[in-house]
Amino acid sequence: MDATKLGGRFTFPGTSRAVHRLGYGAMQLAGPGVWGPPRNPEEAVAVLREALAAGVNHLDTSDYYGPHITNQLIRQALHPYPEGLVLVTKLGAKRLPDQSWQPAITAAELTAGVHDNLRNLGLEALEIVNYRTMGSGHGPQEGSIAEQIAVLADLQRQGLIRHIGLSNVTAAQVAEAQAMVEVVCVQNLYNLACRADDALIDDLARQGIPYVPFFPLGGFTPLQSSILTEVAARLGATPMQVALAWLLHRSPNILLIPGTSSLAHLRENLAAAQLTLSPSVLAELDGVGTLARH
Ligand SMILES: NC(=O)c1ccc[n+]([C@@H]2O[C@H](COP(=O)([O-])OP(=O)(O)OC[C@H]3O[C@@H](n4cnc5c(N)ncnc54)[C@H](OP(=O)(O)O)[C@@H]3O)[C@@H](O)[C@H]2O)c1
């Protein structure tokens, strides 16, 4: 086994599930605005199949992407799922006909969300479910999440969910959930320019818990920075590859799920694992985060 393939491996705590650190996020597979069918359904299926063929075994999704469509594409492209694939989904939101994202956090809504995921993915149990708070949108907001975690714990006892993670949460919410269940991963907004979670990442690393940044490339407005462009040109890489490589260097518990609907971008992103960044380059790239804080 190549220990360095796709950034090496990391095991979700309390599980025997080791995944490559470079995974894939499926949100971009739905149509524009994460709504409706993809512009190019054949390419969407090809992206999923090529990701797995390249060794990706950590796939992030949600039934509210599309809604339902992203999960249905995953099932169409990959079912029956290969042994070793870790599918991570999330609950806590729903889409209304006006395409808005609204909270879905009652016991009935969370339970229905589990069944939607099971049906559309073609599974009898969900491997990892992140409870995703609405927070302030793409950032967390303090407030108890105990009621929702208790519902997920009950669904876990019923065997419908194997492991529980969190998304869009504060350190206090992580601690609150940890007092109730084993938290196997945390998925928050973080990238080269958005570094509010630096302390949380280090704390989770000490506990052996993966931190999975969403929007690792900047999300709907991909990262732009002259430092990033200059460094990439010097290394003969693309700015997006450097942004991903920086995350892999940032902490060993960071697992990546960059999203793309394009085969060319998928190949480019997976190749980022081969990029080594020297301490001086890392220091230079730290400047992007510093500039973004001012
Ligand atoms: N927990 C949460 O609240 C939450 C929120 C958002 C996302 N997520 C998860 O996190 C995953 C990653 O986030 P994301 O997909 O929104 O954002 P991202 O990974 O930061 O970036 C995706 C954007 O960058 C483009 N892109 C990808 N690779 C590129 C490349 N090599 N060169 C140029 N552009 C490139 C994509 O467009 P193309 O399709 O054109 O490549 C897309 O517009 C999602 O897929 C989803 O699974 C979770």
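This text follows the structure it describes.
Keep in mind it's a predicted model, so treat the numbers as computed, not measured.

Turning next to the environment of Gly92. Here Gly92 shows up in the loop between β5 (86–91) and β6 (93–95). For the pair Gly92 and Gly113, spaced 21 residues apart in sequence, the C-alpha to C-alpha distance is 8.2 Å. The residues contacting Gly92, other than those within four sequence positions of it, are Tyr64, Gln102, Pro103, Ala104, Ile105, Leu110, Tyr131, Arg132 and Met134.

Taken together, 26 residues form the shell around the ligand, and within it Asp60, Arg132, Leu217, Thr260 and His265 come nearest. One of the backbone N or O atoms of Pro216 is found 3.2 Å from an oxygen atom in the ligand. Within the side chain of His265, an N or O atom sits 2.5 Å from an oxygen atom of the ligand. Bound to the protein, the ligand loses 88% of the 900 Å² it would expose on its own. According to the grid-proximity analysis, the pocket containing the ligand is the largest pocket.

Relative orientation of the contacting elements helix α1 (residues 41–53) and helix α2 (residues 69–78) amounts to 60°, with a least axis distance of 9 Å. Here α2 runs oblique to α1, going by the angle between their axes. Considering only the axes of α1 and α2, their crossing is right-handed. On α2, the residues touching Ala44, Val45, Leu48, Arg49 and Leu52 of α1 are Leu73, Ile74, Gln76, Ala77 and Leu78. Residues that form the contact of α1 with α2 fall into these classes: 8 nonpolar, 1 polar and 1 charged.

The description of an aromatic ring pair uses the distance of the two centres, along with the angle that the planes make with each other. In the structure shown here, the tally under the stated rule is 7 aromatic pairs. Between Tyr64 and Trp101, the aromatic rings sit 5.7 Å apart at their centres with planes inclined by 85°, giving edge-to-face as the arrangement. On the criterion of sequence distance, the pair formed by Tyr64 in the loop between β4 (58–60) and α2 and Trp101 in strand β7 (residues 101–103) is long-range, its members being 37 residues apart. Among the residues examined, Tyr64 registers a relative accessible area of 7% and is labelled buried. Between Phe214 and Phe215 the ring centres are 5.1 Å apart and the planes differ by 80°, which places this aromatic pair in the edge-to-face class. One exposure class covers both Phe214 and Phe215, and it is buried. Aromatic rings pair up to connect Tyr64, Tyr65 and Trp101 into one cluster.

What counts and what doesn't
Residues numbered from 1 in each chain as written. Predicted model: local features only at pLDDT ≥ 70, side-chain atom pairs only at ≥ 80, totals over all residues. Heavy atoms only, no water. Helix = DSSP H or I, 4+ residues; strand = E, 2+ residues; numbered from the N terminus. Contact = heavy atoms within 4.5 Å. Near = heavy atom within 4 Å. Polar contact = N/O pair within 3.5 Å; in protein donor to acceptor, adjacent residues only side chain to side chain. Areas by Shrake-Rupley, 256 points an atom, 1.4 Å probe, with all protein chains shown as cover. 1 Å grid on protein atoms, 1.4 Å probe; cavity = no way out; pocket = protein on both sides within 12 Å on 5 of 7 lines; lining within 4 Å. Sits in = over half its atoms within 2 Å of the grid points. Axes fitted to C-alpha atoms, helices over the stretch in contact; angles between N-to-C directions. Parallel < 35°, antiparallel > 145°, perpendicular 65-115°, else oblique. Left-handed = near helix turned anticlockwise from the far one by under 90°. Nonpolar A, V, L, I, M, F, W, Y, C, P; charged D, E, K, R; others polar. Phe/Tyr/Trp six-rings, centres within 6.5 Å; stacked < 30°, edge-to-face > 60°. Buried < 20%, exposed > 50% of the residue type's maximum accessible area, 1.4 Å probe, protein only.

Functional significance is not addressed by these values, which are geometric in nature.
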